[in-house]
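Each chain, written out:
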Amino acid sequence: MAEGSDIVCVELSDGVMADPPIVGNGLVTGCDASVLLDSTPKNKAEKDGPPNISLAAFYVIDDAKNNLEKSCPRTVSCADVLAIAARDVVALSGGPHWSVLKGRKDGRISKSNETLNLPSPSFNTSQLIQSFSHRGLSVKDLVALSGGHTLGFSHCSSFESRLRNFTSVHDTDPSLNPQLAADLKIKCPKPNADRSAGQFLDSTSSVFDNDYYNRITGGKGVFASDQSMFGDYRTRWIVEAFARDQSLFFGEFVGSMVKLGSVGVEEDGEVRLNCRVVN
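All of these numbers come straight from a predicted model, not from anything done at the bench.

Peer 1: How would you summarise the nonpolar core if you had to cite specific residues and measurements?
Peer 2: Of all hydrophobic cores here, the largest spans 30 residues; its most connected members are Y213, M229 and F253. In terms of residue count, helix α9 (residues 246-260) provides more of this core than any other element does, six residues in total. Counting residues in hydrophobic clusters, the runner-up holds 13 residues, among them A33, V35, I61 and V76.

Peer 1: Go over the state of the cysteines with me, naming the residues and quoting the values.
Peer 2: Cysteine pairs can be linked by a disulfide, which is a covalent bond between their two sulfur atoms. Going through the model one piece at a time under the given rule, you end up with two disulfides. Paired through a disulfide, C78 and C275 show a sulfur-sulfur distance of 2.1 Å. Across the S-S bond linking C78 and C275, the dihedral sits near -100 degrees, which makes this disulfide left-handed. Linking C78 in helix α2 (residues 78-92) with C275 in the segment after α9, this pair joins segments that are 197 residues apart in sequence. A single burial state applies to C78 and to C275, both of which are buried. With its sulfur 2.0 Å from that of its partner, C156 forms a disulfide with C188. Looking down the S-S bond of the C156 and C188 bridge, the torsion is -80 degrees, so its handedness is left-handed. Highlighted residues: C156 in the loop between β1 (153-155) and α5 (178-187) and C188 in the loop between α5 and β2 (198-200), separated in sequence by 32 residues. With respect to class, C156 is no different from C188; both count as buried.

Peer 1: Hey, could you go over the packing of helix α8 (residues 233-244) against α9 for me, with residue numbers and the actual values?
Peer 2: Running from amino to carboxyl end, α8 crosses α9 at an angle of 120 degrees, the nearest separation of the two axes being 5 Å. What the angle tells us is that α8 and α9 run oblique. From α8, A241, F242 and R244 reach across to α9, where they touch Q246, L248, F249 and E252. Its residues assigned to classes, the contact of α8 with α9 comprises four nonpolar, one polar and two charged.

Peer 1: Requested: an account of the packing of aromatic side chains, with residues and values cited.
Peer 2: Counted according to the given criterion, the structure contains eleven aromatic pairs. Through a chain of ring-to-ring contacts, three or more aromatic side chains come together here, namely W98, F208, Y212, Y213, F242, F249, F250 and F253. The ring of F58 has K47 lying over it, and the distance from NZ or CZ to the ring centre is 4.1 Å. When the ring centre of F230 is taken as reference, the NZ or CZ atom of R236 above it lies at 3.9 Å.

Peer 1: Requested: an account of the confidence of the model for the protein chain, with residues and values cited.
Peer 2: For any part of a model where pLDDT is low, the fine detail of the predicted coordinates should not be relied upon. Looking at the protein chain as a whole, its pLDDT mean stands at 87, while 89% of the residues score no less than 70. Low pLDDT, under 50, characterises residues 1-26; the stretch is placed with 167 contacts to residues that sit more than four places away or in other chains.

Basis of the calculations
Residues numbered from 1 in each chain as written. Predicted model: local features only at pLDDT ≥ 70, side-chain atom pairs only at ≥ 80, totals over all residues. Heavy atoms only, no water. Core = buried A, V, L, I, M, F, W, Y, C linked by side-chain atoms within 4.5 Å. Buried < 20%, exposed > 50% of the residue type's maximum accessible area, 1.4 Å probe, protein only. Helix = DSSP H or I, 4+ residues; strand = E, 2+ residues; numbered from the N terminus. Disulfide = S-S within 2.5 Å. Axes fitted to C-alpha atoms, helices over the stretch in contact; angles between N-to-C directions. Parallel < 35°, antiparallel > 145°, perpendicular 65-115°, else oblique. Contact = heavy atoms within 4.5 Å. Nonpolar A, V, L, I, M, F, W, Y, C, P; charged D, E, K, R; others polar. Phe/Tyr/Trp six-rings, centres within 6.5 Å; stacked < 30°, edge-to-face > 60°. Lys NZ or Arg CZ within 6 Å of the ring centre and 35° of its normal. pLDDT = per-residue confidence, 0-100.

What follows is the structure, given as structure tokens:
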């Protein structure tokens, strides 16, 4: 959610670039490439907000944009580069391919405090549904886009509250598989001096598949938000359906990604020459 997915619209998306926000790394301002803007002395940008500290590989987008400017200057927005890169990451990892609608404009505003609006890894399903519905996305979109976590990695900070002192009754979140909880405690000790420590969100982290849903059905969702979808009647049947049928998941994911790509499209923006700064 905030950790974890925009390369799938890196605003979503603690993105595929590092820790996926929900693929839908939860949109801040929509697919307007605001997450690519660097901070300035007078403004702390989205990429430096707490949920996005693990985002990386911005150079990949920089390289693509530089090459595009040489071939067709002032034509392809950074937002479109992100949307196309998201599709290509999924396809090259064994997932589905889809046609990306082009013509987005780049936003000129990026504020770190607005990342507080990203869905949190600790959200329950009701909170997730509300967050997605505010962006015109359905319950099915929520579950399908969460599947982007199949390529995700999360740092300990996004799930360690489930491992110790969870409640006065349960030291560990009872919805978490006991063996996984034990493994995560080893990876995320207290105190933890390794800031890069964490866990992949499924067992086939370099392959886009439906393993994420199979893990949730077995109590192995790393985020509380992911696991909550199996405990809620509104989403459980969709999780189970995607766990049974990978082709069904792929089809619904494509539909939701196309829908997501139209959320918050900037009509008064620009085509940045450099994705890190406004023109």
